[in-house]
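Results of the structural survey
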Amino acid sequence: MSIEKFKSIESPAVPLPIENVDTDQIIPARFLKATTREGFGENLFRDWRFDKNGAPIEEFVLNNRSYSGTILVAGKNFGSGSSREHAAWAIHDYGFKVVVSSFFADIFKNNALNNGLLPVQVSESFLADLLEAIEKDAGTLIKVDLVEQSITLQASGRSENFDINPYKKECLLNGYDDIDYLLSLKEKIAQFEKTRT
């Protein structure tokens, strides 16, 4: 599966200042029956977004029309719990391109990167600044630049750099999954084979 190329994005953000959000909260287990990536977004944070009768819970942030954008700013330790890849599918399918937190569970982080969703890990103080700025102005813009590996709060100009695996960075920049990446090396592989005796 090819993924969408990602170089930079400037967008308002949706705040989710809750710590220890696990994958069962992101996408409850009862919705894991499908094997394709599409359609999971409608059940993202299902038990927080809707009551038992399926009515939207007004106070939950995804039901608040004040907030929009393709960046989710979440609390510390995001994506803990089970290793379900569906959590990354649901966030991406909903329309988010970036998730920001001060700490990610490793398996979630890798699943996100494998599915075109960029996890940006920042310091706790920078995360607090982001959440405070969004609370004051729901339209505040955040810029995420993958080339420079930086995230900037546009209103104040405050910026931080983030780490990313160089291989995963190259895949995101070029829109490659693992197979696409190997195919991109086809000519180099062929040249290498010619040199073998």
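In the block above lies the structure referred to throughout.
Criteria and cut-off values
- Residues numbered from 1 in each chain as written.
- Predicted model: local features only at pLDDT ≥ 70, side-chain atom pairs only at ≥ 80, totals over all residues.
- Heavy atoms only, no water.
- Pairing = 2+ DSSP bridges.
- Helix = DSSP H or I, 4+ residues; strand = E, 2+ residues; numbered from the N terminus.
- Buried < 20%, exposed > 50% of the residue type's maximum accessible area, 1.4 Å probe, protein only.
- Salt bridge = Lys/Arg side-chain N within 4 Å of Asp/Glu carboxyl O.
- Axes fitted to C-alpha atoms, helices over the stretch in contact; angles between N-to-C directions.
- Contact = heavy atoms within 4.5 Å.
- Parallel < 35°, antiparallel > 145°, perpendicular 65-115°, else oblique.
- Left-handed = near helix turned anticlockwise from the far one by under 90°.
- Nonpolar A, V, L, I, M, F, W, Y, C, P; charged D, E, K, R; others polar.

Now for the pairing of strand S6 (residues 142-145). Two elements, strand S1 (residues 8-11) and S6, share four bridges in a ladder whose sense is antiparallel. Following the sheet pairing, serine 11 is matched in S6 by isoleucine 142. Relative to strand S7 (residues 150-153), S6 runs antiparallel, the two sharing four bridges. In the strand pairing of S7, aspartate 145 is matched with serine 150.

What follows is about helix H3 (residues 86-94). Within H3, the full set of buried residues consists of His86, Ala87, Ala88, Trp89, Ala90 and Ile91. In the segment just after H3, glycine 95 is the residue with positive phi, at about 125°.

Moving on to the environment of phenylalanine 103. Tracing the backbone shows phenylalanine 103 in the loop between strand S4 (98-101) and helix H4 (106-114). As for phenylalanine 103 and glutamate 85, which are separated by 18 residues in sequence, their C-alpha atoms are 18 Å apart.

On to the pattern of salt bridges, then. Under the counting rule described, the total for this entry stands at seven salt bridges. Here lysine 136 and glutamate 132 are joined by a salt bridge, their closest N and O atoms 3.2 Å apart. With a gap of four residues between them, lysine 136 and glutamate 132 both fall in helix H5 (residues 124-136), about one helical turn apart. Relative accessible area serves as the criterion here: at 40%, glutamate 132 is assigned to the partly exposed category. Salt bridges sharing partners connect three or more residues here, namely Asp129, Arg158 and Glu160.

What follows is about the side chain of serine 150. Inspection of the secondary structure assignment puts serine 150 in strand S7. The exposure class of serine 150 is buried, given its relative accessible area of 13%.

In this section: the sheet that holds S1. Pairing in this open sheet of four strands is antiparallel, and the strands run S1-S6-S7-S8 from one edge to the other. Lying at the two open borders of the sheet, with one neighbouring strand each, are S1 and strand S8 (159-161). On average, each strand axis in the sheet is tilted by 10° relative to the strand beside it, whichever way the strands run. Contacting S6, S7 and S8, H5 crosses the sheet at an angle of about 40° to S7.

Our next topic: helix H6 (residues 166-174). In an α-helix, one turn spans 3.6 residues, which is why side chains three or four residues apart end up on the same side. Those residues of H6 that sit buried are Lys168, Lys169, Cys171, Leu172 and Leu173. Directly beyond the C-terminal end of H6, a positive phi value near 70° is found at glycine 175.

Right, let's get into the packing of H3 against H4. Where H3 contacts H4, the axes come no closer than 8 Å and their chain directions differ by 50°. Judged by the angle between their axes, H3 and H4 are oblique. Where H3 crosses over H4, the two elements pack in a sense that is right-handed. Here Ala87, Ala88 and Ile91 of H3 come into contact with H4, specifically with Phe108, Asn111 and Ala112. In the contact of H3 with H4, the residues fall into five nonpolar, one polar and no charged.

Okay, unusual backbone geometry next. Located in the positive-phi region is asparagine 20, a residue other than glycine, with phi close to 60°. Within the element layout of this structure, asparagine 20 appears in the loop between strand S2 (13-16) and helix H1 (23-26). We note that phenylalanine 45 has phi near 50°; this positive angle belongs to a residue other than glycine. As for its position among the elements, phenylalanine 45 is in the loop between H1 and helix H2 (46-49). Residue classification places phenylalanine 45 among the buried residues on the basis of a relative accessible area of 1%.

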